[in-house]
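# Geometric and topological summary
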Amino acid sequence: MSFFGSNIKKIRQVKGLSQKAFADLFDLNRGVISSYEEGRAEPKIETILKVANHFNLNLDKFLTETLQASQLGSVSGTDQLMLFPEFTNQNEKKTQVTTENSDLPILQKNISIR
């Protein structure tokens, strides 16, 4: 399963994720991701399935071939929001709305679709 480690590293690079951010997606520790990438540990089958499913990867190719950046695509605006909600898209506007029963503002995101 030597392709798993190199492939998750490729995924991270293409998606712009740190080891920590990648680990957080799958409820893992950053050190575990490092171990996978360096070939010092092998993942559980459920971890393999979660990663393949999350990134919509062909399981056979994911485990038996080196993935190419073109197979992974780049980070979309939606992915960026899901992965890093603290960073907003340039086309995104924030508005504050207060409810009738509360003085606390509610932050809403208005996202324009391209």
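Residues numbered from 1 in each chain as written. Predicted model: local features only at pLDDT ≥ 70, side-chain atom pairs only at ≥ 80, totals over all residues. Heavy atoms only, no water.

It is worth spelling out helix α4 (residues 45–54) at this point. The periodicity of an α-helix, 3.6 residues per turn, causes residues three or four places apart in sequence to face the same way. Three or more residues of α4 are buried, namely Thr 47, Ile 48, Val 51 and Ala 52. The buried residues of α4 occupy an angular sector of 130° when projected down its axis, which confines them to one face. Counted as exposed and oriented over 90 degrees from the buried face of α4: Ile 45 and Asn 53. Lining the buried residues of α4 we find α1 (2–15), α2 (19–25), α3 (30–37) and α5 (59–64). Among the residues trailing α4, Asn 56 stands out with phi positive, at a value near 55°. (Buried < 20%, exposed > 50% of the residue type's maximum accessible area, 1.4 Å probe, protein only. Helix = DSSP H or I, 4+ residues; strand = E, 2+ residues; numbered from the N terminus. Arc of directions from axis to C-beta. Contact = heavy atoms within 4.5 Å.)

Residue placement: Asn 7 occurs in helix α1. The exposure class assigned to Asn 7 is buried, which follows from its relative accessible area of 0%. Those residues in contact with Asn 7 that sit more than four places away from it in its chain are Lys 61, Phe 62, Glu 65, Thr 66 and Leu 67.

It is worth spelling out the environment of Arg 40 at this point. As for its position among the elements, Arg 40 is in the loop between α3 and α4. Along the backbone, Arg 40 and Ser 2 are 38 residues apart, and their C-alpha atoms lie at a distance of 9.9 Å. Leave out the neighbours within four places in its chain, and Arg 40 touches Ser 34 and Ser 35. Within the structure, Arg 40 has its side chain in polar contact with the side chain of Ser 34 (distance 3.3 Å). (Polar contact = N/O pair within 3.5 Å; in protein donor to acceptor, adjacent residues only side chain to side chain.)

What follows covers the packing of aromatic side chains. The way to describe two aromatic rings as a pair is by their centre distance and the angle between their planes. A complete count under the given rule lists five aromatic pairs for this structure. Ring centres of Phe 4 and Phe 62 lie 5.4 Å apart, and the angle between their planes is 65°; this geometry places the pair in the edge-to-face category. Linking Phe 4 in helix α1 with Phe 62 in helix α5, this pair joins segments that are 58 residues apart in sequence. Clustering of aromatic rings is evident, with ring pairs tying together Phe 4, Tyr 36 and Phe 62. (Phe/Tyr/Trp six-rings, centres within 6.5 Å; stacked < 30°, edge-to-face > 60°.)

So, on to the nonpolar core. What tends to happen in soluble globular proteins is that the nonpolar side chains get buried as a cluster. Of all hydrophobic cores here, the largest spans 18 residues; its most connected members are Ile 8, Ile 11, Phe 22, Val 51, Phe 55, Leu 57 and Phe 62. Secondary structure elements with two or more residues in this core: α1, α2, α3 and α4. Those residues within four positions of Phe 55 in sequence are excluded, and the remaining contacts are Ile 11, Lys 15, Leu 17, Phe 22, Leu 25 and Phe 26. (Core = buried A, V, L, I, M, F, W, Y, C linked by side-chain atoms within 4.5 Å.)

Another point: the pattern of salt bridges. When their charged atoms lie close together, side chains carrying opposite charge are able to pair. Scanning all chains against the criterion turns up three salt bridges. Taking the shortest distance from any N to any O, the salt bridge between Arg 12 and Glu 37 comes out at 2.5 Å. In this pair, Arg 12 is assigned in helix α1 and Glu 37 in helix α3, connecting sequence segments 25 residues apart. The class of Glu 37 is buried, set by a relative accessible area of 16%. Residues Glu 38 and Arg 40 are paired through a salt bridge, measuring 2.8 Å at the closest nitrogen-oxygen approach. For the residue pair Glu 38 and Arg 40, the accessibility class agrees, reading exposed in each case. (Salt bridge = Lys/Arg side-chain N within 4 Å of Asp/Glu carboxyl O.)

Nothing here speaks to function; it is all geometry.
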